[in-house]
Amino acid sequence: MNPIILALFDVSIFILLAEILSSLVQKYSLPKLIGELLAGMIIGPYALGSLLNQLVGFSLISINSYIEFLAEFSVILLIFASGLEHGIAPIKSSGILGFLGATFGALLPFLAAYYFYMPSFGLDSSLILGAAMGATSLAAVASIIEEEKLKGKGINFMVSAAASDDVVDLLLLSVILAILQGTSTSVTSISLKIITLVVIWLVILTVSVILVPKITDRLSDKYIEEFPLAVLFGLTLLMVSLGYSPIISAFVAGVAFANSIKSEKIKEISNTLLSVFGPLFFVYIGAEVNFLTLNLNTLLLSLELTAIATVFKWLGIFPFALAYLRNVKAANTVAFGMVPRGETGLVIASIGLSYNALNLEEFEGIVFMSLFTTLIGSALFKSYAKKHLVS
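All values derive from a computational prediction rather than experimental measurement. (Residues numbered from 1 in each chain as written. Predicted model: local features only at pLDDT ≥ 70, side-chain atom pairs only at ≥ 80, totals over all residues. Heavy atoms only, no water.)

### Describing the overall build of the chain
A tally of regular secondary structure across the chain gives 17 helices and zero strands. For the chain, the C-alpha radius of gyration of 20 Å lies close to 21 Å, the compact-globule estimate for 391 residues. Summarising its shape, the C-alpha atoms of the chain cover approximately 55 × 55 × 45 Å along the three principal directions. Out of the 391 residues belonging to the chain, those deemed buried represent 56%. In the chain, the proportion of contacts linking residues at least 24 apart, taken out of those at least 6 apart, comes to 82%. (Helix = DSSP H or I, 4+ residues; strand = E, 2+ residues; numbered from the N terminus. Rg over C-alpha atoms; globule rule 2.2 N^0.38 Å. Buried < 20%, exposed > 50% of the residue type's maximum accessible area, 1.4 Å probe, protein only. Contact = heavy atoms within 4.5 Å.)

Pasting the structure below:
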């Protein structure tokens, strides 16, 4: 069977089931992304999909490279839409407090996991486990904010911190990879690498925010559908080649287009694409979960990781959110909203597996931790957000 045709069929089934389950969970005031995760867990190749495959005699439901490609497109599109909706204002308004919240929100879970697991798991595993717990899932945050149409100071802080902690986590990962590869790990070389990555990121962000709107505003409307995608994926190609995550480049591209007078038209195009492909990333994550391999050790590890990730992310975010918002309930809600992990943590886990820094049990522990924190954090955030964050 043609794998492309199979992938297109699977994607259509994934999206349909995601929409059905999202509608159901929303009746119970749960975020729609929980329905999307559940859709993947139910129909995925390790669950109902396995039974369907046995019935038809071939791999009707599977996760192949084409589905992975569309899932990557989905998450890039979702982050682009978030940057496009909020622009540069959240980063400006939250300022140093937002960046400090992002920094401590990434560093505290990293340090806690490192010191907790170092004696039993060793240096390599403890470093990767810590890094995988650092970054908030910007896709999860963006999904709930878009779903609820939330705005205000608290949302600005969240968007700024969630975007910034991906950068902080990237810096952590760069240092960790230098250690795993056995390259120079002196204070000087690490400091130089960190400074270089931060400067390049700031330069790309500044140039994009200045240049992209000017070009877009002068561009004929006949190209307004194609040009944003060319910039989005051109910028992604550039930043990935420099070692950055596509999540960071997608947000930068969205922020840049938000400053254009044609941003509303671009939002319409983005929303149209999201209405079709938006759920796919979370369905894909859910479909990757293999409950058949969930033994007691993996379950205990994932619960430990979930507890560390939740508590220390909250501790890292809450003080700075409180200083910015001057409201305990609003700061607490923001801290809950930063709990979900996801795309960045899973990417780091995959890198750790490829470097043999993680074994399969540790890798699956991170996968389930990402799932559990996303379920817990998104449910708590949605339940409190409208009460405490709407301006």
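Read on for the rest.
### Some thoughts on the layout of surface pockets
Volume-wise, the largest pocket comes out at about 580 Å³. Tyr284, Ile285, Glu288, Leu346 and Ser350 are, among the 24 residues lining the largest pocket, the residues nearest its centre. If you list the elements that add at least two residues to the lining of the largest pocket, you get α4 (65-86), α11 (246-258), α13 (280-287), α16 (343-354) and α17 (360-388). Here the lining of the largest pocket takes five residues from α17, the largest share from any one element. Considered class by class, the residues forming the lining of the largest pocket number 15 nonpolar, four polar and five charged. In this model, the second largest pocket occupies a volume close to 420 Å³. Lining the second largest pocket are 20 residues; nearest its centre among them are Lys32, Leu78, Glu146, Asn271 and Leu274. Those elements giving two or more residues to the lining of the second largest pocket turn out to be α2 (32-43), α4, α7 (138-148) and α12 (263-277). (1 Å grid on protein atoms, 1.4 Å probe; cavity = no way out; pocket = protein on both sides within 12 Å on 5 of 7 lines; lining within 4 Å. Points joined across faces, edges and corners; volume = space filled by probe spheres on them. Nonpolar A, V, L, I, M, F, W, Y, C, P; charged D, E, K, R; others polar.)

### A look at the pattern of salt bridges
Applying the stated criterion across every chain, the model contains two salt bridges. The residue lysine 262 makes a salt bridge to aspartate 221 at a minimum N-O spacing of 3.2 Å. With lysine 262 in the loop between α11 and α12 and aspartate 221 in the loop between α9 (187-218) and α10 (227-241), the pair connects residues that are 41 residues apart, well separated along the chain. Put simply, lysine 267 and glutamate 264 hold a salt bridge, and the shortest N to O gap is 3.2 Å. Separated by three residues within a single helix, lysine 267 and glutamate 264 lie in helix α12, roughly one turn from each other. When its relative accessible area of 15% is taken as the criterion, lysine 267 is described as buried. (Salt bridge = Lys/Arg side-chain N within 4 Å of Asp/Glu carboxyl O.)

### Some remarks on the side chain of threonine 374
Among the structural elements, threonine 374 can be located in helix α17. Apart from residues no more than four positions distant in its own chain, threonine 374 is found in contact with Leu33, Leu37, Ala140, Pro340, Arg341 and Ala379.

### A few points about the nonpolar core
Counting residues in hydrophobic clusters, the biggest one holds 122 residues, and the most contacted among them are Phe14, Phe157, Trp201, Ile248, Phe257, Leu305 and Ile366. The biggest single contributor to this core is helix α8 (residues 153-181), with 15 residues. Leave out the neighbours within four places in its chain, and isoleucine 248 touches Asp166, Val167, Leu170, Trp201 and Met239. (Core = buried A, V, L, I, M, F, W, Y, C linked by side-chain atoms within 4.5 Å.)

### Topic: a nonpolar patch on the surface
Taken together, the side chains of Ile195, Val199, Val203, Val207, Ile210, Leu211 and Ile215 define a hydrophobic patch exposed on the protein surface, amounting to about 590 Å² of accessible area. Inspection of the secondary structure puts isoleucine 195 in helix α9. (Patch = residues over 30% accessible without salt bridge, like charges linked within 9 Å, V, L, I, M, F, W, Y side chains within 5 Å. Areas by Shrake-Rupley, 256 points an atom, 1.4 Å probe, with all protein chains shown as cover.)

### Some remarks on unusual backbone geometry
Its identity as a non-glycine residue notwithstanding, arginine 326 has a phi of 55 degrees, on the positive side. Structurally, the position occupied by arginine 326 is in the loop between α14 (296-325) and α15 (328-337). Residue arginine 326 is classed as exposed on the basis of its relative accessible area, which comes to 72%.

### Section: α2
Between the first and last C-alpha of α2 there are 17 Å, a value that for twelve residues agrees with the 16 Å anticipated at 1.5 Å per step. With nine of its twelve residues buried, α2 lies for the most part within the structure. (Expected span 1.5 Å × (residues − 1).)

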